[in-house]
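Fold and contact review
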Amino acid sequence: IVCSSATISAQSKAPKEVETAFYSKFPKATKVKWDKENATEYEASFTENNIKQSANYSSKGEWLETESPTTFVQLPAKVQNTFNTSHKGAKIKAVAKIENNKGETQYEIEVKKGLKTVEYFYNQDGKLVQ
């Protein structure tokens, strides 16, 4: 019993108001794991509709952004063109769509470069924003 209580407690690191806001926005979320991003921000990694995602919240429970996996071919054409022009032959490791509380959408493309992974962020117009 002590071990299972410790496990539940370890997975529930976010303040109650953050968790309440999260479940209000993502009521069907499962496998939720919380991490503290920094002094004022929490990140929930979770599954919803069989898709692994993450969402960030302020310590006051304000939704900041959601990151969802996508594929390169699902990116806007302008993003694909800009990336292909500047990174010919790059080995793409992962692609994600990031929506934030300002109504903006960015796209993250992770590229394997040697032993490192480099992340590039683009806006909807295909401009590099990193």
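Scoring rules and cut-offs
- Residues numbered from 1 in each chain as written.
- Predicted model: local features only at pLDDT ≥ 70, side-chain atom pairs only at ≥ 80, totals over all residues.
- Heavy atoms only, no water.
- pLDDT = per-residue confidence, 0-100.
- Helix = DSSP H or I, 4+ residues; strand = E, 2+ residues; numbered from the N terminus.
- Contact = heavy atoms within 4.5 Å.
- Pairing = 2+ DSSP bridges.
- Axes fitted to C-alpha atoms, helices over the stretch in contact; angles between N-to-C directions.
- Phe/Tyr/Trp six-rings, centres within 6.5 Å; stacked < 30°, edge-to-face > 60°.
- Buried < 20%, exposed > 50% of the residue type's maximum accessible area, 1.4 Å probe, protein only.
- Lys NZ or Arg CZ within 6 Å of the ring centre and 35° of its normal.
- Core = buried A, V, L, I, M, F, W, Y, C linked by side-chain atoms within 4.5 Å.
- Arc of directions from axis to C-beta.
- Polar contact = N/O pair within 3.5 Å; in protein donor to acceptor, adjacent residues only side chain to side chain.

On to the confidence of the model for the protein, then. Mean pLDDT over the protein: 90, with 90% of residues reaching 70 or higher. For the protein, per-element mean pLDDT is lowest for helix H1 (residues 2–11), which scores 40, and highest for strand E4 (residues 63–69), which scores 98. Contacts for the low-pLDDT stretch residues 1–11, under 50 throughout, to residues beyond four places or in other chains number 2 contacts.

Taking strand neighbours across the sheet as the criterion, the 7 strands line up as E1-E2-E3-E4-E5-E6-E7 in an open arrangement whose pairing is antiparallel. In the strand order of this sheet, the two ends are held by strand E1 (30–38) and strand E7 (116–123), each with one partner. Strand after strand, the sheet turns through a mean of 25° between neighbouring axes, direction not considered. Note: strand E5 (residues 91–100) against strand E6 (residues 105–113), 8 bridges, orientation antiparallel. Paired with Ile92 across the two strands is Val111, which belongs to E6. Against the sheet, helix H2 (residues 16–25) makes contact with E1, strand E2 (41–48), strand E3 (51–58) and E4, and its axis sits at roughly 135° relative to E3, the strand it touches most. Its contacts with the sheet place helix H3 (residues 77–86) against E5, E6 and E7, and it is angled at close to 140° to E7.

Tallied over the full model, the rule gives 8 aromatic pairs. Ring geometry for Phe22 against Tyr23: centres 5.0 Å apart, planes inclined by 80°, an arrangement best described as edge-to-face. A residue is classified by how much of its surface remains accessible, and Phe22, at 0% relative accessible area, is buried. Accessibility expressed as a relative area gives 38% for Tyr23, which makes it partly exposed. A network of ring pairs unites the aromatic residues Phe22, Tyr23, Phe26, Trp34, Phe46 and Tyr57 as a single cluster. Directly above the ring of Trp63 sits Lys25, whose terminal nitrogen or CZ lies 4.2 Å from the centroid.

Core analysis: the biggest nonpolar cluster contains 14 residues, and Phe22, Phe26, Val32, Trp34, Phe46, Ala55 and Tyr57 have the highest contact counts within it. Secondary structure elements with two or more residues in this core: H2, E1, E2 and E3. With residues up to four places along the chain from it excluded, the contact list for Ala55 reads Phe22, Phe26, Tyr42, Glu43, Ala44, Phe46, Trp63, Glu65 and Thr66. Judged by nonpolar contacts, the second largest core, of 10 residues, contains Phe72, Leu75, Val79 and Ile109.

A few words on H2. Looking at H2, one finds that the buried residues are Val18, Glu19, Ala21 and Phe22. End-on view of H2: buried residues confined to an arc of 160°, all on one side of the axis. The exposed residues of H2 that point more than 90 degrees off its buried face are Lys16 and Ser24. On the buried face of H2, the contacting elements are E1, E2 and E3.

It is worth spelling out the side chain of Gln53 at this point. Position of Gln53 relative to the elements: it lies in strand E3. Among the polar contacts listed, one links the side chain of Gln53 to the side chain of Ser68, at a separation of 3.1 Å.

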